[in-house]
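Per-entry structural report
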Amino acid sequence: MRDRLLSAAAGVRAAGFALALLPGLLVAADAGAADIPPQSAQSKQQVEELAGRWKEHFADAATPEKRAAAFRSFMAGNPEPARVQIRHMDADGVEADLIWPARLHHPLGRRGILYVHGGGFHGGSPRTHRLLAGSLAKAASSDVLVIDYRLVPEGRYPAQIDDIRTAYRWMLENGYESGNIILAGDGTGANLAIEAVLRQKKAGRQLPAAVIALSPVTDLSASGASMTSNAATDPVITKTGIEALAKPYLGATAPDNPDVSPLFADLSGLPPLFLQVSDSEALLDDTLRLADKAKAAGVEVTLEVWPGLIHGWQLFPHLLADADSSNQRVAEFAMRHFADTPQQ
């Protein structure tokens with residue numbers, strides 16, 4: 001039904017998408033052309049250095065709790081974003097950081113990205129994702145609300161999804177219209193963001209203008225073939241790691257339940273979906289299979305597959321040139337889908 005990502009060419013299967021790969025070019029028939037350049041020698045070196053630091057830092061992080069602590073300390077090395085303002089917010093009981101492009105006055109803006117950080121359900125915070133959020137705020141001329149949702153073990157499914165929906169409702173009640181709100185997330189945060197939108201759809205509530213999922217975890221049963229085929233090229237995500245992170249989050253809920261794994265859900269009626277992943281990630285198949293299923297359900301899908309990067313590369317625009325480029329594409333997608341298009 002779907003062709004696998006081709007080896008040297010980093011091609012993407014075409015079934016359901018009419019995707020054709022030319023050297024360095026990803027063409028999506030339903031989303032226009034997206035030029036994804038071949039990975040440069042500089043990028044390969046930058047990724048190798050970052051991956052080496054990651055492996056060394058996480059060498060003794062054998063449990064989800066230790067990985068959460070290691071992630072927090074690793075991300076503490078990121079610089080603060082420049083030319084933005086940050087305000088701590090209480091979104092109806094959900095703590096959050098509101099980040100916006102620096103300007104003299106700030107009543108709540110017209111456009112907002114509700115960002116759900118990754119971190120394996122156990123870790124991550126607005127602080128770990130502040131640099132990424134700041135870059136999106138500037139590039140998309142938008143406010144970015146990064147929520148501090150409940151983490152395992154204090155919060156288990158569905159507490160995290162409930163927190164996202166509470167923050168979304170808070171945005172609707174505080175000056176943002178649904179057509180000017182985009183839900184976004186990375187890794188497990190992308191999982192939660194998609195599931196929150198599916199809950200909104202099921203409840204017949206207002207949906208956001210679009211959804212952005214960066215290397216999403218869409219299958220908590222970790223059944224994707226790339227969990228094995230990309231094991232040697234992904235220093236961040238492993239099949240056993242997904243299983244270890246998911247179990248305490250899920251409790252008695254089965255990992256292939258569509259309420260926790262959007263890959264198995266009815267995706268019809270979702271707003272436009274932007275997916276970004278690397279061909280080297282263990283989560284490659286989580287993304288490709290979701291893209292295939294969403295397109296078959298009639299969802300407008302934009303898919304980007306970047307060569308040679310590691311999971312979470314978007315968090316390091318100060319270290320990876322490709323992070324700057326890919327984050328700019330995320331922002332451009334957001335701007336195209338806001339009802340009030342930013343004036344550049």
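Provided above is the structure to which this section pertains.
From a predicted model like this one, the values you see are computed outputs, not experimental measurements. (Residues numbered from 1 in each chain as written. Predicted model: local features only at pLDDT ≥ 70, side-chain atom pairs only at ≥ 80, totals over all residues. Heavy atoms only, no water.)

1. Re the packing of helix 4 (residues 159–172) against helix 5 (residues 188–202)
What counts here: Here the axes come from fitting lines to C-alpha atoms, over the contacting stretch only for helices, and the angles between their N-to-C directions go from 0 to 180 degrees. Numbering of helices and strands runs from the N terminus; a helix is a DSSP stretch of H or I covering at least four residues, while a strand is a stretch of E covering at least two. Oblique is the label for any angle not under 35 degrees, not over 145, and not in the 65 to 115 range, which are roughly parallel, roughly antiparallel and roughly perpendicular in turn. Crossings are sorted by hand: turned counterclockwise from the far helix by less than a right angle, the near helix makes the crossing left-handed, and turned clockwise it makes it right-handed. Every residue pair with non-hydrogen atoms within 4.5 Å of one another is taken to be in contact. Note that Gly is not counted as nonpolar here; it falls among the polar residues with everything else outside the nonpolar set of Ala, Val, Leu, Ile, Met, Phe, Trp, Tyr, Cys and Pro and the charged set of Asp, Glu, Lys and Arg.
Contact pair helix 4 / helix 5: the axes reach a minimum separation of 9 Å and the direction vectors enclose 70°. With respect to each other, helix 4 and helix 5 are oriented roughly perpendicular. Two packed elements cross with a definite hand, and for helix 4 against helix 5 that hand is right-handed. Every residue of helix 5 that contacts helix 4 at Q160, I161, D162, I164, R165 and Y168 is listed here: L192, A193, E195, A196, R199 and Q200. When the residues that make up the contact of helix 4 with helix 5 are grouped by side-chain class, the tally is 6 nonpolar, 2 polar and 4 charged.

2. Some remarks on a negative patch on the surface
Rules: Patch building starts from residues that exceed 30% relative accessible area and form no salt bridge, then joins like charges within 9 Å and nonpolar side chains (Val, Leu, Ile, Met, Phe, Trp, Tyr) within 5 Å. Accessibility throughout is a Shrake-Rupley quantity obtained with a 1.4 Å probe, and a residue counts as covered only by protein chains that appear here. Salt bridge, as applied in this entry: a Lys or Arg side-chain nitrogen positioned within 4 Å of an Asp or Glu carboxyl oxygen. In this tally, Asp and Glu contribute negative charge and Lys and Arg positive charge; neither His nor the terminal groups of the chain are included. One atom stands in for each charge, and that atom is NZ of Lys, CZ of Arg, CG of Asp or CD of Glu.
Together, D90, D92, E95, D148 and E173 line one region of the surface with negative charge. Tracing the backbone through its elements, the reader meets E173 in the loop between helix 4 and strand 8 (181–186).

3. Quick notes on helix 3 (residues 130–140)
This is how it is decided: Only protein chains enter the area calculation, which uses a 1.4 Å probe; residues under 20% of their type maximum are buried, those over 50% are exposed, and those in between are partly exposed.
Within helix 3, 10 of the 11 residues are buried, which leaves the element mostly enclosed by the surrounding structure. Burial in helix 3 covers these residues: R130, L131, L132, A133, G134, S135, L136, A137, A139 and A140. On the buried face of helix 3, the contacting elements are strand 4 (84–91), strand 5 (94–101), strand 6 (112–116), strand 7 (143–147), strand 9 (210–214) and helix 9 (321–337). Immediately downstream of helix 3, the backbone of S141 shows phi near 50°, a positive value.

4. Observations concerning empty space enclosed by the protein
Our working rule: Lining residues are those with an atom within 4 Å of a point, where the points come from a 1 Å grid over the protein atoms alone and group into cavities, where a 1.4 Å probe fits but cannot get out, or pockets, open sets with protein on both sides within 12 Å along at least five of seven lines. Grid points are joined across faces, edges and corners, and a volume is the space filled by probe spheres set on the points.
One pass over the full model with this rule turns up 1 cavity of 30 Å³ or more. Of the voids in this model, the largest cavity is the one considered here, and its volume is about 40 Å³. Together, I164, R165, Y168, L183, A196, V197, Q200 and P208 line the largest cavity. Mapped by element, the contributors of at least two residues to the lining of the largest cavity are helix 4 and helix 5. Its residues assigned to classes, the lining of the largest cavity comprises 6 nonpolar, 1 polar and 1 charged.

5. Some words on the sheet that holds strand 10 (residues 273–278)
Note the following rule: Pairing between strands is defined by DSSP: at least two bridges between them are needed.
With respect to topology, 8 strands assemble into an open sheet ordered 4-5-7-6-8-9-10-11, the strand pairing being mixed. Of all the strands in the sheet, just strand 4 and strand 11 (301–306) have a single pairing partner and so form its edges. Averaged over all pairs of adjacent strands, the angle between strand axes in this sheet comes to 20°, irrespective of strand direction. Pairing of strand 6 with strand 7, which is carried by 4 bridges, proceeds in the parallel orientation. Note that in strand 7 the partner of G112 across the bridge is D143. Its contacts with the sheet put helix 5 on strand 6, strand 8 and strand 9, and the angle it makes with strand 8 is roughly 145°.

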